[in-house]
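Take a look at the letters that make up each chain.
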Amino acid sequence: MSSYQESQILEVSRHFHIYGELLHAEPCKIGHINETYIASYDQGGVLVRYIHQKINTDVFKDPDGVMNNLMRVTSHQRMKVAGTGSKDSGRRVLTVVPSKNGTSYHRTESGACWRTFVFIERVRTFETVESPTQALEAGRAFGEFQSLLVDLPGERLIETIPHFHNTRRRFSLLQQAVEADRANRSKEASREIQFALKQEPIVDVILKALAKGKIPERITHNDTKFNNVMLDIESGKAMCVVDLDTVMPGCVLYDFGDMVRTTTSPTLEDELELSQVHMRMPIFKALTRGYIETAGQFLTKNERALVAFAGKLITYTIGIRFLTDYISGDTYFRVHRQNHNLDRARTQFKLVESIVHQEEAMQRFADTL
Ligand code: GN1
Ligand code: MG
């Protein structure tokens, strides 16, 4: 880490209720949006770790709203997990470390918003699913996450990013980006654009079901990537779900869909070797089984009937977001190489094709649970 960054973390850390000396901090490279650091402290001779994270306020324009949601959600979950007699609630739910002013985040003079979490020890995340057991754990973890929020008291959570998974809106934004062609890249992406536009018939399916009240609004995570599940190193069991900035009113199908997107292919989200990208049925089965185990008691028939479709729709939706960002000149997702967003879009579309081929069998399996 550059000395500039280290002194920046030192300065930030002073504003939080942390007892101990900062020994070391390193950037965590996972995530396309926020800036995250893992920091080690000497606390009375014991090494303890915290996460310091700078919220991307271009993306999350209302950090107060984000942190209010996050505090309400984690407090409620902690109370319920502790109520089951679990001695591990500190590892099962994220803990925010308050600032010295008692607030949930610290705003610097230049307006940057920083927050701190307790680092959860003896867990790890994976970028791809290595076994059906891991998929089962991911399904269970996000199903449990949703089920713990079914009875969250108080007002509706705020929408931290309005219309986040609204595929029609994402579709229109793609059309506008192609039209404007600001970065002069539409030609380079013409095959992907064609593919994306051809899928228009799927765009409104869930939106219409929501609008007609056939599917209920619930509190959902909205970023259910597999690497947002912390697995216990020893047992392999899911301990905790992280990345709570987009927890807000939503549709459980979008959560399930993003689990399908990020667990079922053996490849990374930006795989270049497209022949490797495909939906693995045994992984889908384990994922669905785990999810239904923990979410089954509250899911309705209409929600269950669309789980395979949701996998396709969300993979497509994230694909068109990557494509739109590529065409617009990479202004949203952090990129690490040339054409990165285009590569990501291609991978999503390849996975969409693979899901299409197996969609009926996927839904048939889900119907047996
Ligand atoms: C972003 O930053 P990260 O990796 O948690 C994005 C998600 C996308 C994901 C694609 C707020 O999440 O919606 O699905 O990238 N988050 C936001 O990998 O836009
Ligand atoms: Mg995220």
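The sections below set out a description of the structure shown in this document. (Residues numbered from 1 in each chain as written. Chains lettered and ligands numbered in written order. Predicted model: local features only at pLDDT ≥ 70, side-chain atom pairs only at ≥ 80, totals over all residues. Heavy atoms only, no water.)

### Looking at the overall build of the chain
So, step 1. The helix and strand inventory of the chain stands at twelve helices and eleven strands.
So, step 2. Its C-alpha atoms give the chain a radius of gyration of 21 Å, within 12% of the compact-globule value 21 Å for 369 residues.
So, step 3. Scored against the burial criterion, the 369 residues of the chain give a buried share of 55%.
So, step 4. Across the chain, the fraction of contacts at a sequence separation of at least 24, relative to all contacts at a separation of at least 6, is 74%.
So, step 5. Only carbon and sulfur atoms are counted for the fraction: they give 51% of the accessible area of the chain, which is about 17100 Å². (Helix = DSSP H or I, 4+ residues; strand = E, 2+ residues; numbered from the N terminus. Rg over C-alpha atoms; globule rule 2.2 N^0.38 Å. Buried < 20%, exposed > 50% of the residue type's maximum accessible area, 1.4 Å probe, protein only. Contact = heavy atoms within 4.5 Å. Areas by Shrake-Rupley, 256 points an atom, 1.4 Å probe, with all protein chains shown as cover.)

### Some points on the side chain of Arg170
So, step 1. Among the structural elements, Arg170 can be located in helix α5 (residues 167-180).
So, step 2. The buried charged residue Arg170 lacks any salt bridge partner; its closest oppositely charged side chain belongs to Asp325, at an N-O distance of 9.3 Å.
So, step 3. Within the structure, the side chain of Arg170 is placed 2.8 Å from the backbone oxygen of Phe164, a separation counted as a polar contact.
So, step 4. Sequence-distant contacts of Arg170, that is, excluding residues within four places in its chain, are made with Phe164, Thr317, Ile320, Arg321 and Thr324. (Lys, Arg positive; Asp, Glu negative; His and termini not counted. Salt bridge = Lys/Arg side-chain N within 4 Å of Asp/Glu carboxyl O. Polar contact = N/O pair within 3.5 Å; in protein donor to acceptor, adjacent residues only side chain to side chain.)

### So, the pattern of salt bridges
So, step 1. In total, this model carries 24 salt bridges according to the counting rule given.
So, step 2. Residues Arg261 and Glu269 are paired through a salt bridge, measuring 2.9 Å at the closest nitrogen-oxygen approach.
So, step 3. Using a relative accessible area of 19% as the deciding quantity, one classes Glu269 as buried.
So, step 4. Residues Glu359 and Lys312 are paired through a salt bridge, measuring 2.8 Å at the closest nitrogen-oxygen approach. Pair noted here: Glu359 is in helix α12 (residues 340-367) and Lys312 is in helix α11 (residues 307-327), with a separation of 47 residues, a long-range link. Across this residue pair, the class does not change: Glu359 and Lys312 are buried.

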